[in-house]
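# Working through the structure, step by step
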Amino acid sequence: MRQIQRVRLLYSALVFIGLVVALAAVGSGLLRPVQAVLAAQATMTPIPSPTPSPTPWPTATPLLTTDYCPALPAAALTQAYFQARRSYSLGCPQGNPGIVQAAFQRFERGGLLWLNGVIHIIPSPALSGTATAAWLTYADTWDESKPSSDPSLIPPDGLQQPIRGFGQLWREQLGGPAAAIGWAVEAETGYQATVQTLANGLMVTLPSGEALINCSSCSEIGPAAPPAEQPVWQILEDWGEGFVELEAGASEEVWAITPARLFRFEGEQQANFLVASNFLTETQSSSRRFGLDLIKIAVAPDGSLWLATTYGVYHAIGDTWPHWLADKAIYNLTFDGQGRVWVVGRDRNSLAGKPSDFPGLIKFFDGVQWQDFPPPEMSTGISFEPHSIVIPPDGTIWISQWGGQVYQQDGQRWLPRGLAGPGPENWLVMNRRGQIWGGGVANRGWARWQDNGWHSPALDFPNYPAALLAVDEAGNAWGALAVSCYWCKIADLNRTGAIYYSDEAVCWLTAQDGLGGPPLNPQPLFYEGHIPRPDAVFDIAVSTDGSVWFITQGKITVFRPRGPVCAYDVQQ
């Protein structure tokens, strides 16, 4: 796993419990778009503004289940969508959300909504957040040649007569003062509404930001039951402690690496390759467990493999392994929409000295040479210590630092994007569609970046450290329980398994579910953390078919869900 992160986790654990704690790996699994690597680029300071029409990213193949959706609804509708779909068969979002001109007016027993020349009659239950049957709709036929209102209709105190198109419909079609929806209780409001089509209905925002749900062809559903078809757990390889890193490519392939070999999996098919001798010699990979050697592997847009190590960057191109930045410790790498390679790290001498004496670096490879990119400006006395880097489709650059602060480069300047409360602490992970999660280890949960802010689902996160490792195609997060205590008798510091975190549920998957093989029998005492545990997770990657890949105690374990992930959880 990410060996440099093991050292940081050990330091944090010693401060927290004052005991020797085994290091658990943390890191980030990034998926890439399929694009050609461009030829040499000119020096870029700062980076160009995001391209207005970026190259589309591949669409994931959805799982065969009605509960899995390949896309999330618009951010403004996400919370209401997940709440409502627990009780109603809304179906998945269809297409992209839209922003349209709208008007709304609230009445005593309902409301009127204008969208694209059509007036919808909204019953009271819909205004309280309940999905309702199809709304009655009428074409808006009012124009300036018609009266705006009827002066002979005098509303009771505190109420109003609707005017213009709403007024005409209310008087001529709904019965005026005798209308089922009653008199208006507020003036009509024009605004821009977010509209999301669903498989079985429609969602639209009100001026207040609340969400209306038109459940045109859905039905009420009972409490969710575990799916009849169980998930598939499969162990593809067992090399003891051999596997140290996973990475998923833009198609369904998944790469894994041991100290001496690379493996490329496509389902159950695999190919393996000896790593280059210069890589073995330079990185001393046989000491990977507590060394600072291989930190990350990543699949480039052209399908080739890049490796970040504390001895620089390697590029695996067939049988050749070009090597750059040998005097740098590279902590993380990623690719932008032009196919350029970006890295963060610091001078390798900093591993033996004070970090403040060796400020961190950001570099990108333009196809010919490595170029420096200016890091964020730090406050006096604070050193730039980069940890993670991700670049979403909009071309912005995201950097996290050890200790929590996150920065976004928008093409002109660095913007601080960190949190003092629960949320990003150490690193960032992103899926292929550019959905970013940030998270740490110190029991602070994880958060997703949306609507220019960090948002964490209103769910109870485990009360023990969990390391954020990957984001799936639906935008949900995966991680590993990060602490196994060797010599202390503290049960909560001896956890293994994987954590799944979504807007609907958080659950813990262990060997009892099938992760890493059968559970130990009998179970070791809680303070005997040095005993190999089959569900000790060291890395996670999510392939484009929705399968979740784990390195568990040196094994490659694949989880293929066939329904809601947490329906299988036996620990809750």
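All of the points below concern the structure found in this document. (Residues numbered from 1 in each chain as written. Predicted model: local features only at pLDDT ≥ 70, side-chain atom pairs only at ≥ 80, totals over all residues. Heavy atoms only, no water.)

### Let's talk about the environment of valine 548
Inspection of the secondary structure puts valine 548 in strand β36 (residues 548-552). Overall, valine 548 belongs to the buried group, its relative accessible area being 2%. Sequence separation of valine 548 and phenylalanine 559 is eleven residues, and the distance between their C-alpha atoms is 5.1 Å. Non-local contacts of valine 548, meaning those with residues more than four positions away in its chain, are made with Trp478, Ile540, Ala541, Val542, Thr557, Val558 and Phe559. (Helix = DSSP H or I, 4+ residues; strand = E, 2+ residues; numbered from the N terminus. Buried < 20%, exposed > 50% of the residue type's maximum accessible area, 1.4 Å probe, protein only. Contact = heavy atoms within 4.5 Å.)

### Comments concerning the side chain of threonine 194
Assignment of secondary structure puts threonine 194 in strand β6 (residues 189-198). Leaving out residues up to four positions away in the same chain, threonine 194 has contacts with Ala74, Leu77, Pro97, Gly98, Ile99, Met203, Val204 and Thr205.

### A short note on the state of the cysteines
Taken as a whole, this structure holds two disulfides when the rule is applied. Bridging cysteine 215 to cysteine 218, the disulfide has an S-S length of 1.0 Å. Because the torsion about its S-S bond is 115 degrees, the bridge between cysteine 215 and cysteine 218 counts as right-handed. For the pair shown, cysteine 215 and cysteine 218 are each scored as buried. Disulfide pairing places cysteine 507 opposite cysteine 566 at an S-S distance of 2.2 Å. Taking the sign of the S-S torsion, -85 degrees for the link of cysteine 507 and cysteine 566, the bridge is left-handed. Taken together, the positions of cysteine 507 in strand β34 (residues 506-509) and cysteine 566 in the segment after β37 (555-560) put the pair 59 residues apart, joining distant regions of the chain. Residue class for cysteine 507 comes out buried when judged on its relative accessible area of 1%. (Disulfide = S-S within 2.5 Å.)

### Some words on the sheet that holds β34
Read from one edge of the open sheet, four strands run β30-β31-β33-β34, paired in antiparallel fashion. Two strands in the sheet have a free side with no partner beyond their single neighbour: β30 (466-471) and β34. Taken over all neighbouring pairs, the strand axes of this sheet differ in orientation by 25 degrees on average, direction set aside. Bridge count for strand β33 (residues 498-501) against β34 is four bridges, and the pairing is antiparallel. When the sheet's bridge partners are listed, tyrosine 500 is paired in β34 with cysteine 507. (Pairing = 2+ DSSP bridges. Axes fitted to C-alpha atoms, helices over the stretch in contact; angles between N-to-C directions.)

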